[in-house]
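Below are the chains, spelled out letter by letter.
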Amino acid sequence: MNLIFLGPPGAGKSEQGRRLAMRHAIPVISSGNLLRDQVRRGTDLGRQADAFMKAGKLVPDSLMNPILEERLSQPDCARGFILDGYPRTLAQAENLDLMLKKQGLPRVVILLDVPTERVLKQVAGRRVCPLCNRSYNIYFQPPRKEGGCDDDGTALLQRPDD
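Calculation criteria
Residues numbered from 1 in each chain as written. Predicted model: local features only at pLDDT ≥ 70, side-chain atom pairs only at ≥ 80, totals over all residues. Heavy atoms only, no water. Helix = DSSP H or I, 4+ residues; strand = E, 2+ residues; numbered from the N terminus. Rg over C-alpha atoms; globule rule 2.2 N^0.38 Å. Buried < 20%, exposed > 50% of the residue type's maximum accessible area, 1.4 Å probe, protein only. Contact = heavy atoms within 4.5 Å. Areas by Shrake-Rupley, 256 points an atom, 1.4 Å probe, with all protein chains shown as cover. Lys, Arg positive; Asp, Glu negative; His and termini not counted. Charge placed at Lys NZ, Arg CZ, Asp CG, Glu CD. Phe/Tyr/Trp six-rings, centres within 6.5 Å; stacked < 30°, edge-to-face > 60°. Lys NZ or Arg CZ within 6 Å of the ring centre and 35° of its normal. Core = buried A, V, L, I, M, F, W, Y, C linked by side-chain atoms within 4.5 Å. Arc of directions from axis to C-beta. Pairing = 2+ DSSP bridges. Axes fitted to C-alpha atoms, helices over the stretch in contact; angles between N-to-C directions.

### A short note on the overall build of the protein chain
Step number 1: Within the protein chain, the regular secondary structure consists of six helices and six strands.
Step number 2: When the helices and strands of the protein chain are listed from N to C terminus, the series reads β-α-β-α-α-α-β-α-β-α-β-β.
Step number 3: Expected size for 162 residues packed as a compact globule is a radius of gyration near 15 Å; at 16 Å, the protein chain falls within 12% of this value.
Step number 4: Each principal axis of the C-alpha distribution contributes one length, and for the protein chain these read about 45 × 35 × 30 Å.
Step number 5: By the burial criterion, 36% of the 162 residues in the protein chain qualify as buried.
Step number 6: Within the protein chain, contacts between residues separated by at least 24 positions form 58% of all contacts whose residues are at least 6 apart in sequence.
Step number 7: With an accessible surface of roughly 9,600 Å², the protein chain has 55% of that area assigned to carbon and sulfur atoms.
Step number 8: The average position of the 24 basic charges and that of the 19 acidic charges among the side chains of the protein chain differ by 3 Å.

### Comments concerning the packing of aromatic side chains
Step number 1: All chains considered together, the criterion is met by one aromatic pair.
Step number 2: The aromatic ring of Tyr-139 is capped on one face by Lys-121, whose charged end is 5.0 Å from the ring centroid.

### Here we look at unusual backbone geometry
If a residue is not glycine, its phi is most likely negative; likewise, a peptide bond is most likely trans.
Step number 1: Here the bond from Tyr-86 into Pro-87 is cis, since omega is 10°, no more than 30 degrees from zero.
Step number 2: You can see Pro-87 is positioned in the loop between β3 (81-84) and α5 (90-102).
Step number 3: You will see that Ala-25, though not glycine, has its phi angle at about 55°, which is positive.
Step number 4: Relative to the elements of secondary structure, Ala-25 occurs in the loop between α1 (13-24) and β2 (28-30).

### Focus on the nonpolar core
Step number 1: Counting 18 residues, the largest nonpolar core has Ile-29, Leu-68, Leu-72, Phe-81, Leu-83 and Leu-96 as its most contacted members.
Step number 2: Listed by contribution, the elements that provide at least two residues to this core are α2 (31-41), α4 (61-72), β3 and α5.
Step number 3: Broken down by element, this core gets its largest block of residues, five residues, from α4.
Step number 4: Once you skip the residues sitting within four places of it in the chain, Leu-72 turns out to touch Ile-29, Cys-77, Phe-81, Leu-83, Leu-96, Met-99 and Leu-100.
Step number 5: Within the second largest apolar cluster, seven residues are counted, among which are Phe-5, Ala-11, Ile-82 and Leu-112.

### Some thoughts on α2
Step number 1: Among the residues of α2, Ser-31, Gly-32, Leu-34, Leu-35 and Gln-38 are the ones counted as buried. Relative to the axis of α2, the buried residues are bounded by an arc of 165° and lie together on one face. In α2, the exposed positions angled more than 90 degrees off the buried face are occupied by Arg-40 and Arg-41.
Step number 2: Among the structural elements, β2, α3 (44-54), α4 and β3 are those in contact with the buried residues of α2.
Step number 3: Immediately downstream of α2, the backbone of Gly-42 shows phi near 70°, a positive value.

### What to know about the sheet that holds β2
Across a sheet, strands are paired by hydrogen bonds formed along the backbone, either parallel or antiparallel in direction.
Step number 1: Pairing is parallel in the open sheet, where four strands are placed in the order β2-β3-β1-β4. Each end of this open sheet is capped by a strand with a single partner; those strands are β2 and β4 (108-111). Between one strand axis and the next, the sheet turns by 20° as a mean value, whatever way the strands run.
Step number 2: By the bridge criterion, four bridges tie strand β1 (residues 2-6) to β3 in an arrangement that is parallel. Paired with Ile-4 across the strands is Leu-83, a residue of β3.
Step number 3: Seen against the sheet, α1 touches β1, β2 and β3 and runs at an angle of roughly 165° to β1.

So, in structure tokens, the structure goes:
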């Protein structure tokens, strides 16, 4: 099973992906997490991507596509995967289509259509644990203890791109 979730930031792609991934034992591949990992590790691609992310711009395909292609080639994707946040442009969609066709991989695309008001609250209220990447929302799904991760107690952060 190869699922591709499309929708605006805050539509719930990560949450729905996480639920399906647990049920089917396949990885969720978030373009945002891939990029943040590259930045955290200080890779050349990460340093280049960081400038775009800090400016609130989409990371160019010339950086994003190789990062994704490398990730999809890892063994844990052999049984399937869920893409969250990629593709974001027509060019990325075309690249993904070619990549998956070349590998003979089937895919299902799911569009999450969410009202704008809900998306705005979702993004404004999102908080993330920098240690385990668990997400919360101060409006819809707050942590048990304000400002701390339920799993490890780490102080929650608001993502810079939110």
